[in-house]
Amino acid sequence: MLKRTFFFLVLVSFLLWIISLAQVHAQGINLDSVSSAALSAANTSLTFSHTVGSSGTNRLLVVGVSVRHDNSTYTIGVTYNGVAMTEGGTSSRNEALCKIFYLAAPATGTNNVVVTLSKSLMFGAGAISFTGVNQTTPVSTFAGATGDSTTPSVNVANVFESQVVIDTVATGDVQTDTLTVGTGQTQQWNTKTTVGGADKDTFVAGSTESGPDGGGTVTMSWTLSVAEKWAIGAVAIIPQYMVVLSLTPTKDTWLSATSATTNYGNSTTFSVEGENNRRKRGLLQFDLSSVPTGVTFQSVKLLLEWVSGEVVADDPVGVYALTRSWVEGNGTSGSGATWNTYDGTNKWTTAGGDFDATPVATSTITNATGQKSWDVKTLVQDWISGTRTNYGMLLKRNPEADGNMPRHDFSSREGTVPPKLQIVYTYTPTAVKLESFTASMHEAGVLLKWWTGYEVDNLGFHVYREENGELVRLTPEPVAGSALLAGRGIRLGAGHSYFWWDMSLLSPQPSYLGTVQYWLKDIDLNGKETMHGPVTPVVSGEPLPRKFRPELLSELGMRLEERYRHYWKVQELKEKLERKRSTPA
């Protein structure tokens, strides 16, 4: 009886938690476990156990190796549960060497990490496992640094706020030294080899730090109590739900005030120049249809290849949002945009292009060949959200002025190094992949039917009717989804079918038929809501479903409680029978 009461209380608590949709953090990188070991005598091998937990998905194991380097040539390999790990990078100098290894989807449970050198040396290693990591590209490019001081440090560039940086450090000596982790970092392991004596041991240490808000460079640092030779290396872990896109323009051209009727749509370069009597401006547009709404942008950069121009120390070039459509053209007269016209015929409101007066980004350009970049995240966010219409970008000097202003020639999409729009975003996995959603008119009312092809963490659905622009919710509570039965994180690849009756249209209301539409909202366990639709009712003669109403979330909970009540009754009956058998006659 006590067991049954306890289980019922747990079940009720779980149902209340789900129905209240208590907010939880979106799935990201989570620390699983840490282990480390170090030699007490020189050897070619080091073995220690590490436990990878079974909770969470998309696992990654990272091992940092710290070696008291003797400047010779040797190999280092690492396995976990007998599986070879991938080398992420090396940082070394005389007396100190460190390497990072990683393995996606490591076996769960407790298994051995084995570090093997082709030469007998003093070394140690730390292992750390994570969940929520991208399984295709788990880590970024390795960053390494070396020195001879009290402050080992390395900069890891282009780290986004959803990422985690992991470092490992080795030193040339330890003896009575101490090694202290840098501010903002979390020490994960900090030990040392213990053979003893001068110039024989090394610190074996590693730490983590989350990416900064808005992204940027993360500096991983440590402090030694005595100056020593050191080597440090680090990588940024890439979250499971991070996407990196590199888009090329669908069209680009440039406008010249001195050739106001000439189109340059087929040019292999486009020019920007700021001198008032010979102004030149570049136009670009990117197709953003591959970028979904509802994502979190970590970084959006416009990347242009500077190929030629006039000598200048630095020159500010701004990116501006265009405010009307335009035609690229093919270089022939009347085929596309010019200084005077946006399509070869019709004039811009103001010659030279129609655009917002305030730049969205400005970068200082030098005459060095190579890639130049602009941070255009706010502009792309506005385009994706619909705050602005994507007519493309205009580049011009900021500001244009009289005097000797330099010219910059950038490679166009027809050139050798086309422009790129590099977009990095993260997203929360969609709870539902909807295969179909229909509305059919019957004598009994309107039957809404939907079929999912995929579900994960799907709490349930709400159905809405739209009448003349107003949404009316028809479901008193969510139609039960798969999460309560399947459990958190369980993916249902086969999907499921659902339905709902709208009987409020039983009496003829002809004025509704032209304006009534239906929407479907799915809700996941994180509280994320996604709308689907609309669909318009059509007259149908198809057979009606056997059930007249689907199971609501609270009803599913009561059914589960009833199922387990019967289970415990059976268990109690079994216990009584066992006691009766064991009682002497």
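See the structure above.
The shown structure was predicted, so the numbers you read here are calculated from the model rather than taken from an experiment. Each chain has its residues counted from 1, following the order in which its sequence is written. For this predicted model, a pLDDT threshold of at least 70 governs which residues receive local features, and a threshold of 80 or more governs which side-chain atom pairs are given and counted, while totals over whole chains, interfaces and linings are taken from all residues. To get the side-chain values, take all heavy atoms of the structure and skip hydrogens and water.

**Considerations on the overall build of the protein**
Helix numbering and strand numbering both begin at the N terminus, where a helix is a DSSP run of H or I of at least 4 residues and a strand a DSSP run of E of at least 2. Secondary structure summary: the protein contains five helices and 38 strands in total. For the protein, buried positions account for 47% of its 585 residues. Taking contacts inside the protein between residues at least 6 apart in sequence as the whole, the part at least 24 apart equals 78%. When accessible area is computed with a 1.4 Å probe and restricted to protein chains, residues below 20% of their type maximum are described as buried, those above 50% as exposed, and intermediate ones as partly exposed. We call two residues in contact whenever any of their non-hydrogen atoms come within 4.5 Å of each other.

**Structural notes on the nonpolar core**
If you look at the biggest cluster of nonpolar residues, it comprises 34 residues, and the most contacted ones within it are Leu302, Trp374, Val376, Leu421 and Ile423. Broken down by secondary-structure element, the contributors of at least two residues to this core are strand S18 (242–247), strand S20 (269–273), strand S22 (296–309), strand S23 (315–321), strand S24 (361–365), helix H2 (377–385), strand S26 (393–397) and strand S28 (420–426). Excluding residues within four positions of it along the chain, Leu421 makes contact with Leu245, Ser246, Leu247, Phe286, Leu288, Val300, Lys301, Leu302, Val376, Val380 and Met393. Residues Val52, Val67, Phe101 and Leu103 belong to the second largest nonpolar core, which totals 25 residues. Only buried residues count toward a nonpolar core. Its members are Ala, Val, Leu, Ile, Met, Phe, Trp, Tyr and Cys residues joined through side-chain atoms within 4.5 Å.

**What about the sheet that holds strand S9 (residues 123–131)?**
A strand pair is defined by DSSP finding two or more bridges across the two strands. One open sheet accounts for five strands, arranged S1-S9-S3-S7-S6; its pairing is antiparallel. Edge strands, defined here as strands with exactly one partner in the open sheet, are strand S1 (30–38) and strand S6 (86–93). Geometrically, the sheet is characterised by an average inter-axis angle of 15° between neighbouring strands, direction not taken into account. As judged from the eight bridges shared by S1 and S9, these two strands associate in the antiparallel manner. Each residue of the ladder has a partner; that of Leu31, found in S9, is Phe130. Inter-axis angles, ranging from 0 to 180 degrees, are taken between N-to-C directions of lines fitted to C-alpha atoms, where helices are fitted over the stretch in contact.

**As for the sheet that holds strand S16 (residues 216–224)**
One open sheet accounts for three strands, arranged S11-S16-S13; its pairing is antiparallel. The sheet terminates laterally at strand S11 (153–159) and strand S13 (179–181), the two strands that pair on one side only. Strand-to-strand twist across the sheet, computed as the mean angle between neighbouring axes with direction ignored, equals 20°. Of the strand pairs in this sheet, S13 and S16 are connected by three bridges, and their pairing is antiparallel. From the neighbouring strand, Val181 faces S16, where its bridge partner is Trp222.

**Focus: unusual backbone geometry**
Each neighbour pair has its own omega, and for Asn398 with Pro399 the value is 0°, a cis peptide bond. On the secondary structure map, Pro399 appears in the loop between S26 and strand S27 (407–411).

**Quick notes on the environment of Val195**
Position of Val195 relative to the elements: it lies in the loop between strand S14 (186–192) and strand S15 (203–210). Judged by relative accessible area, which is 36%, Val195 ranks as partly exposed. Discounting residues that sit within four places of it in the chain, Val195 has contacts with Ser40, Met122, Lys200 and Asp201.

**Quick notes on the pairing of strand S7 (residues 96–104)**
The buried fraction of S7 is high, at eight of nine residues. The pairing of strand S3 (residues 60–68) with S7 spans nine bridges and is antiparallel. Residue Leu61 lies in a different strand from S7, and its bridge partner there is Leu103. Both S6 and S7 contribute to a ladder of seven bridges, which runs antiparallel. Across the sheet, the residue bridging to Thr90 is Lys99, located in S7.

**Topic: the pattern of salt bridges**
When a carboxyl oxygen of Asp or Glu is within 4 Å of a side-chain nitrogen of Lys or Arg, the pair counts as a salt bridge. All chains considered together, the criterion is met by 20 salt bridges. Where Glu275 meets Arg278, a salt bridge forms, and the shortest distance between an N and an O atom there is 3.1 Å. Glu400 serves as the salt-bridge partner of Arg281, at 2.7 Å between the closest nitrogen and oxygen. Taken together, the residues Arg281 in strand S21 (residues 280–285) and Glu400 in the loop between S26 and S27 connect sequence positions 119 residues apart. Residue Arg281 is classed as buried on the basis of its relative accessible area of 5%. Looking at Glu400, the relative accessible area reads 16%, which means it is buried. A cluster of three or more residues bridged by salt bridges with shared partners is formed by Glu273, Glu275, Arg278, Lys280, Glu310, Arg407 and Asp409.

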